[in-house]
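Chain and residue survey
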Amino acid sequence: MSAGPDVPAVRVDLGGVRRRLDGAQGRTYWRSLEELARTPEFLEFLHREFPAQASELDDPRGRREFLTVMGASLALAGLVGCTKQPDEKIVPYVQPPEQAVPGRPLFYATAMLDRGYAKGILVESHLGRPTKIEGNPDHPASLGATDAAGQAWVLGLYDPDRSQTLAYRGEIRAWSDFLAAMRSALAVQKPRQGVGLRILTETITSPTLAAQLAEILGDLPSAKWHQWEPAGGASAAPQCRFDQADVILSLDADFVMDGPASLRYAREYTARRKRPAEEPMNRLYVVEPTPSATGMIADHRLPLRPSEIEGFARAVAAALGESAPPAGSSPAAAWAAAVAKDLQAHAGRSLVLAGHYQPPAVHALAQEINQRLGNVGQTVVYGPPVAARPVDGPASLAELAADMKAGRVEVLVILGSNPAYTAPADLAFAAAMDKVKLRVHLGLYEDETAALCHWHVPQAHPLEAWSDARAFDGTATIMQPLIAPLYESARSAHEVLAALTSRPDRKGHDIVKDFWRKELGADFDRRWPRALHDGVVAGWTVATATTPATATDTAGPGTAPSPPVAAVTPPATGGGLELVFRPDPYIGDGRYANLGWLQELPRPVTKLTWDNAALIAPATAARRGLANNDVVELRYRGRTVKAPVWTLPGQAEETVTVHLGYGRTRAGRVGNGAGFDASAIRTSDAPWAGSGLEAARTGETQVLASTQEHWSIDAEAGTRHIIRSVTVDEYAKEPEAIKEQTEIPPRDMTLYPNNTFAPHAWGMSIDLNSCVGCNACVVACVAENNIPVVGREQVAKGREMHWLRVDRYFSGNPEQAETIRAHFQPLPCMQCENAPCEQVCPVAATVHSDEGLNDQVYNRCIGTRYCSNNCPYKVRRFNFLLFQDWSTPTLKLQRNPDVSVRSRGVMEKCTYCVQRIEHARITAHNEGREIRDGEVQTACQSVCPTQAIVFGDINDPGSRVSRRKAQHRDYALLAELNTRPRTTYLAEVRNPNPELSASAAAEGSEHHG
């Protein structure tokens, strides 16, 4: 942590904010408290023509530091230049030509893992090297979409900091040496039935891996298999059907961004909000302690401390039963009554779900409410567990730690986990490992756990290895490799487990294929190639599997098993603040800490990059004399950690949230030293929340790199209706009101000729009612267009290179957390027909194409930045320094060969993925036809889980984008400037409950900007 007394803390006068809100007419939208208060610092930042130190010749720290933060975009010279296909036969998603054609990529179906569960993906391969990931439309967990972590998987494949050699106590050894060591250890364990053997994994859904573990435990019945899922297990979660639910109550469940089913759930939820004029909208209530993406898009959101959520759930259950709800006039009591009434009115078409960070009591209450309403079998389905063994929170890890401390563990095999870093502090797991005679670690990195083990085996990346996994609903995917392992010593978990059996030399391909040969039987030869091609094993489910079942596997579909064990009830430890732990939205429990794409991605609500912080409500911070950038010492149950403060509107009062995954010491050059380690104060009996926290000021400060004020469009003028939001009742009464807000100049009032673009006029429509702020589109744009990472210090200067950003605006009173809502707005280049950037470029580097694209000719650009200054949308980026690495030959492995790589000193911007347009044009020409509607999908469109982005030809009145633009909700950003942007927006429509009087009044006053 870089801290010091010379860094200014950012303090906002909440009284001044209150006075501004009192004098405002209609609803006010703002990106930060500083903007709302119109502080001098914000105004100076807003009106500064270029970022700070824009004219400097070089950075004081030099180019060397940039080469450190570029992750897989640098230092790849240590890779083996192996780009050939593996020897085993893999099957592409589309039928390939007889011989691979340079420039024509192939797609292969496989899966990425989220807490062990499969999300189906298609991986683009250029002559044997994976370069880009898309969602598999045939997979039930992805439906053609991916998330930010899924996009970054390809970056992890080429990460130069990955472990490359098999080692014993730091010395390089051969695989045969490792097998010999395992044989010696097993020779001691077999006569004793494995009494001293322990295997530690994360969540396992792989049928093949589960069968291997069952075989080992069958041969060594006294051995034990332990599981630890640092980001929270989801093995006992029911399956939800959001497309069937009219009213939804979320008890701290961030279902649109968090969890193995999030892509599908986000798609189903937003599908009910796309046509508010034609179809009934659903309604979402969210109760949570800290703002999440789901909570911020809810129709009603109630911030509660973690200790209050169970009481709220009980009040709802009581209101639905024979007993009366608890008496009281608090907002929570009024909420519980109104929510219960709404749920009852939609019995059988409602849904209550609890987040997997909530204790068993809350899950049981959610289950009880669903049963009482008749939702089970309709909007929620309970079935057999998908995971090979349900994850029981930290209990299994605690048992393993106790056995190690007692000397009962002689051989410990850790597969793909990093418990020395992720384990709760009270278990002292790292110290307990010292008492184990033989410790073996399999991992992608030589991480904190690897440093404490005798043997470290470099793990093959999932894009290099054969495996399989099941989705949240039990659907199985064969995970086929796209490339031979970049490092000869790399092994998969299947191959390490094989070392514990009588056939230690078996390859991963043979292990997986033999398992499925047994499962599919006589039909194997026909179904195996089809499963590889489609990415799913058709007709194979949890119920048909022959893998040994667990005791809870007998529950049938539609029945409700016993309440899941997802967490531990937060114990009461006295007064003080309440503490909330959450995995980071992008780097999770720290496993993706070395991926620069994810570190530099602004968090959905806080807009922080490269750091975590102690999140606290503005009013709570004011009472305690805290402000942004202040460093506090968090004291909790006898442990301490220092953390910078970040005030967050919408945070529950007297509650502090910290995110896991930071403070790494052996993550790699990108992840090391970023943020603080929240696990240092985490305990096993309260892994997700607890009370009794103290936050003491230290007098230190630390600059946090947040993008929430970067590229701001000054909305102070009343005519700039950047965010447009109405209630469903307002929209039904006056659907044209959205378009009438702005007087658009006549088309001929321009210096430009009124061109007729032909044969195509490309355009985009973005539905603000569907965007959940997940930022997957931003990472997809980075991967598709070879956009570099610039690092924390450059982001702090406003120099991030993202061609697409997702602006987050707040509305509501920051002193009343229950009124706070967020509004997400993706902003690519608007592709203006009357483009202000083109008028001022002295070398015609930015010009219009015949089809209306605002093109950027990089080899003409001389870096004047006049175009950026003249862009009202702030969507052009200038590469001040040489962010790209031109010195490493193997860098070409990860880059998209269809997009040029820019050097220092040129302006960059969104191009509507013109390379994809040209690919479709060439294909259509070769086939003697026109480009079909939907044939061209931009990178941001293809990745979007909610289908908020639609791209196409607006010359075609029947195209999907034209139909969207014909809706009443369609509006152009800053249309009064007569820029004629090709990208337009569909205004947001929310569905509040009129019976919640306070919320209804706030929503009813929601004018259009």
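Residues numbered from 1 in each chain as written. Predicted model: local features only at pLDDT ≥ 70, side-chain atom pairs only at ≥ 80, totals over all residues. Heavy atoms only, no water.

1. A word on the confidence of the model for the protein
- Put simply, the protein has an average pLDDT of 84, and 82% of its residues get 70 or more.
- Across residues 1-6 the pLDDT falls below 50, and counting only partners more than four positions away or on other chains, this stretch makes 17 contacts in the model. (pLDDT = per-residue confidence, 0-100. Contact = heavy atoms within 4.5 Å.)

2. Some words on the environment of L249
- Tracing the chain through its elements places L249 in strand β10 (residues 247-251).
- Looking at L249, the relative accessible area reads 1%, which means it is buried.
- Taking the C-alpha atoms as reference, L249 lies 8.4 Å from L343; in sequence the two are 94 residues apart.
- In contact with L249, not counting residues within four places along its chain, are Y285, V287, F312, V316, V339, L343, L351, V352 and L353. (Helix = DSSP H or I, 4+ residues; strand = E, 2+ residues; numbered from the N terminus. Buried < 20%, exposed > 50% of the residue type's maximum accessible area, 1.4 Å probe, protein only.)

3. Considering the nonpolar core
- Within the largest apolar cluster, 147 residues are counted, with the highest numbers of intra-cluster contacts made by F242 and W597.
- When residues in this core are grouped by element, the largest group, eight residues, is from helix α22 (residues 776-785).
- Those residues in contact with F242 that lie beyond four places of it in its chain are I248, F255, Y265, E268, Y269, R272, L351 and L353.
- Counting 33 residues, the second largest nonpolar core, distinct from the first, contains I199, L220, L442 and V457. (Core = buried A, V, L, I, M, F, W, Y, C linked by side-chain atoms within 4.5 Å.)

4. Thoughts on unusual backbone geometry
- Of note in this structure, A428 is not a glycine but carries a positive phi near 45°.
- Relative to the helices and strands, A428 resides in the loop between α14 (419-422) and α15 (429-433).
- Residue classification places A428 among the partly exposed residues on the basis of a relative accessible area of 35%.
- One non-glycine residue, C913, lies in positive phi territory at about 50°.
- With respect to the element layout, C913 can be found in the loop between β35 (907-908) and α26 (914-926).
- Of the residues examined, C913 reaches a relative accessible area of 8% and is grouped as buried.

5. Some details on the sheet that holds strand β38 (residues 983-986)
- Strand order in the open sheet formed by four strands is β36-β29-β38-β37, and the pairing between neighbours is mixed. Edge positions in the sheet fall to β36 (949-953) and β37 (970-971), since each has one partner strand and no second.
- Where strand β29 (residues 762-767) lies against β36, five bridges are found, and the strand directions are antiparallel. Its bridge partner lying in β36, M764 is registered against F951. (Pairing = 2+ DSSP bridges.)

6. Observations regarding the pairing of strand β3 (residues 117-126)
- When you tally the buried positions in β3, you get 10 out of 10 residues, the bulk of the element.
- Side chains Y117, K119, I121, V123 and S125 project from β3 onto one buried face, and the interleaved A118, G120, L122, E124 and H126 project onto a second face that is buried too.
- Of the strand pairs in this sheet, strand β2 (residues 106-114) and β3 are connected by nine bridges, and their pairing is antiparallel. Across the sheet, A111 pairs through a bridge with G120, a residue of β3.
- Taken together, β2 and the strand that follows it, β3, pair antiparallel across an intervening segment of two residues, in which R115 is found at a positive phi of about 55°.

7. Remarks on the environment of M433
- Within the secondary structure layout, M433 lies in helix α15.
- Remark: the alpha-carbon pair of M433 and L400, spanning 33 residues in sequence, is separated by 9.8 Å.
- Beyond its immediate sequence surroundings of up to four residues, M433 is in contact with M404, I414, R439, T449, L452 and C453.

8. With respect to the environment of R491
- Its place among the elements puts R491 in the loop between β19 (476-479) and α16 (493-498).
- Accessibility expressed as a relative area gives 13% for R491, which makes it buried.

9. Digging into the pattern of salt bridges
- In this structure the tally under the stated criterion is 51 salt bridges.
- In this structure, the salt-bridge partner of E268 is R264, at a minimum N-O distance of 3.1 Å. Residue E268 and its partner R264 are both found in helix α8 (residues 262-271); the two are separated by four residues, about one turn of the helix.
- Overall, R264 belongs to the partly exposed group, its relative accessible area being 23%.
- Linking R408 and D403 is a salt bridge whose minimum nitrogen-to-oxygen distance equals 2.8 Å.
- What you see here is one network of salt bridges that share partners, running through D114, R115, K119, D147 and D258. (Salt bridge = Lys/Arg side-chain N within 4 Å of Asp/Glu carboxyl O.)

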